[in-house]
Amino acid sequence: MLDRPMPTPAAPLLDPFALAKALSGYHFIGGGYVPGRNGKNFAVVNPATGQQVAEAAEGDAADVEAAVQNAAKAQKEWAKLPARKRGALVHQCAALLKEHQEELAKLIALETGKALRTESRVEAGVVADIFEFFGGLGSELKGESVPFAPNVLSVTVREPLGVVGAIIPWNVPMLLMALKVAPALVAGNSVVVKSAEEAPLAVLRICELMNRILPPGVFNMLSGFGPECGAPLVSHPLVRKVTFTGSVETGKIVARAAAEKLVPVTLELGGKSPMIVFADCDFEKTVAGALTSMRFTRQGQSCTAASRIYVERPIFDRFVTAMKDAVNKMVMGDPLDEKTDIGTIVSEGQLQKVKAFIEEGTKTPGATAHVCSAMPSDPALKKGLFIQPVIFTGLTKESRLVREEIFGPVTVIAPFDDPESVLAEANDSEYGLAASLWTNNLKVGLDLAHRLEAGLVQINQNLVVQANLSYGGVKSSGLGKEASLEAMLEHFTHKKTIMVNMA
Ligand code: ADP
């Protein structure tokens, strides 16, 4: 589709600094890069060095208007394509994104500070997988025939909703964008994405790459701040569905705005996910599982991070020691360096928020802060937003560190004595996104899995989002599901009933 000269090359560009510069200052609207209408840009900073690497267009209501109008026009033709053809095009996008996996991994590492080997490359791979998965689901957009009367044919058909407004955060921006864009497109909607202000580049590149395959206007990308660019997108009258991932507070603002015009909303919000470890677990596997569950390689910046770890008392001390030893072995450093396990926090604001939690925990009487891993020694990184992971013991359930989402490399470990008491503690949370149980007693494990208040419960593993498995929380963790066939059908289509009287 993109037959005009573009500031970015069609082939993978493995120098993330050059790619970041080339992407500077643009939205992607109606099949092409366009600068912001107000001419204002904001800085995109490499959190590992504090240096500016690009500028992003600071979108406002005028850009939203242009993007939504383009999307609305394109959607009408897009919806007329056979569903399998739409899916096939999305599938082609997946193949192209696979070719660009390394490029996208480096770019996301540069703008978010997430380590290339342990995090960014993985995210770029999963993104292609999500598009591939949904690309195969075109023919699943089926309706039903409904028994009504012998001489009346009564059927339901699935129809797209129209223009989808998608708002994404900075922690796994490519993946969270894919979870929204892929099902929305296959179902016949068009999409306008508002990227997160901290990480606008990799998603912009994905949008451009996909526009090499998709018809213009079907997939549009805006950068900008929440109130100036996200809010007008949510409230635009032609946006007929809003899908949002971010904080609980902003999620409520978005839901209220969507309620004003009565459009459906999907919300993926925060979490305070418990990890419950029984004494009969496979010890080494579970310690390793605690590191991945806590997403230490992502500096804990994950809504499913196991930020409350409950360990059965007989193995509590041994578990804390083993976990500390394991985290100590993780290498913190330049996100783009292959040796690095742990990169940076995304922004100065986020770093200060995490530090405030750590300070509060450290000052709490009875608490011990086990500070792990070493700060990087490279002088080039001295302005980087690095922070040492902290494992707290001795905090009680009244602590803010046990109750609130920190979104940093901070976890709290507490002992427990019996399944009922740990279940009560785990469920004593405003959140209900994910939980994991580690035990060889599947009778106890399954019983608790049924009674844990969470959208996703895993026993003896704690994987991140996977294609085909519904993902989404209960309580303040959100509304609706993502990543599955059910998510596409329930959240990106409506069912129309058609009746034919043949009497
Ligand atoms: P975080 O603390 O992770 O930045 P937010 O919920 O504030 O969480 O941000 C998630 C996304 O929501 C970002 O893309 C942000 O720009 C956007 N956003 C923030 N405020 C609003 C708003 N009032 N309306 C729409 N989107 C918003």
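Per an unreviewed UniProt entry, the protein chain goes by Aldehyde dehydrogenase family protein and derives from Siccirubricoccus soli. UniProt, in the comment section headed Sequence similarities (unreviewed entry), describes the protein chain in these words: "Belongs to the aldehyde dehydrogenase family."

The residue Asn 220 is located in strand S8 (residues 219-222) in this model. Taking the C-alpha atoms as reference, Asn 220 lies 8.9 Å from Leu 204; in sequence the two are 16 residues apart. What Asn 220 contacts, discounting residues up to four positions off in sequence, is Phe 28, Ile 29, Gly 30, Ala 67, Asn 70, Ala 71, Val 191, Val 192, Val 193 and Cys 207. There is a polar contact of 2.9 Å between the side chain of Asn 220 and the backbone nitrogen of Gly 30.

Turning next to a nonpolar patch on the surface. A surface patch of nonpolar side chains, about 340 Å² in accessible area, is lined by Leu 153, Ile 498, Val 500 and Met 502. Note on placement: Met 502 falls in the segment after strand S21 (493-501).

This part takes up the site of the ligand. The ligand sits among 17 residues. The nearest are Ile 168, Lys 194, Glu 197, Ser 247 and Thr 250. Taking Trp 170, its side chain carries an N or O atom lying 3.4 Å from an oxygen atom of the ligand. Contact between the ligand and Ser 247: an oxygen atom at 2.8 Å from a side-chain N or O atom of the residue. If the ligand stood free it would expose 550 Å²; the protein chains cover 79% of that surface. Applying the majority rule of atoms within 2 Å of the grid points places the ligand in the largest pocket.

This part takes up the pattern of salt bridges. Per the counting criterion, the structure on display carries 26 salt bridges. Of the charged contacts, one joins Lys 114 and Glu 123 as a salt bridge, the two residues approaching to 2.6 Å between their closest N and O atoms. Looking at Lys 114, the relative accessible area reads 2%, which means it is buried. Connected through shared salt-bridge partners, Glu 103, Arg 205, Glu 208 and Arg 212 make up one network.

A separate point is the pairing of strand S12 (residues 308-312). The element S12 is extensively covered by neighbouring structure, given that 5 of its 5 residues are classed as buried. The alternating pattern of S12 places Arg 308, Tyr 310 and Glu 312 and Ile 309 and Val 311 on opposite faces, both of which are buried. The sheet contact formed by strand S11 (residues 274-277) and S12 spans 4 bridges and is parallel. Across the sheet, the residue bridging to Pro 274 is Arg 308, located in S12. Taken together, S11, helix H10 (residues 283-293) and S12 constitute a β-α-β crossover, and its handedness is right-handed. Inspection of the sheet shows S12 paired to strand S15 (residues 410-416) by 5 bridges, in the parallel sense.

What counts and what doesn't
Residues numbered from 1 in each chain as written. Predicted model: local features only at pLDDT ≥ 70, side-chain atom pairs only at ≥ 80, totals over all residues. Heavy atoms only, no water. UniProt positions renumbered as here; feature names shortened; annotations may be inferred. Helix = DSSP H or I, 4+ residues; strand = E, 2+ residues; numbered from the N terminus. Contact = heavy atoms within 4.5 Å. Polar contact = N/O pair within 3.5 Å; in protein donor to acceptor, adjacent residues only side chain to side chain. Patch = residues over 30% accessible without salt bridge, like charges linked within 9 Å, V, L, I, M, F, W, Y side chains within 5 Å. Areas by Shrake-Rupley, 256 points an atom, 1.4 Å probe, with all protein chains shown as cover. Salt bridge = Lys/Arg side-chain N within 4 Å of Asp/Glu carboxyl O. Near = heavy atom within 4 Å. 1 Å grid on protein atoms, 1.4 Å probe; cavity = no way out; pocket = protein on both sides within 12 Å on 5 of 7 lines; lining within 4 Å. Sits in = over half its atoms within 2 Å of the grid points. Buried < 20%, exposed > 50% of the residue type's maximum accessible area, 1.4 Å probe, protein only. Pairing = 2+ DSSP bridges. Right-handed = clockwise from strand over helix to strand, strands pointing away.

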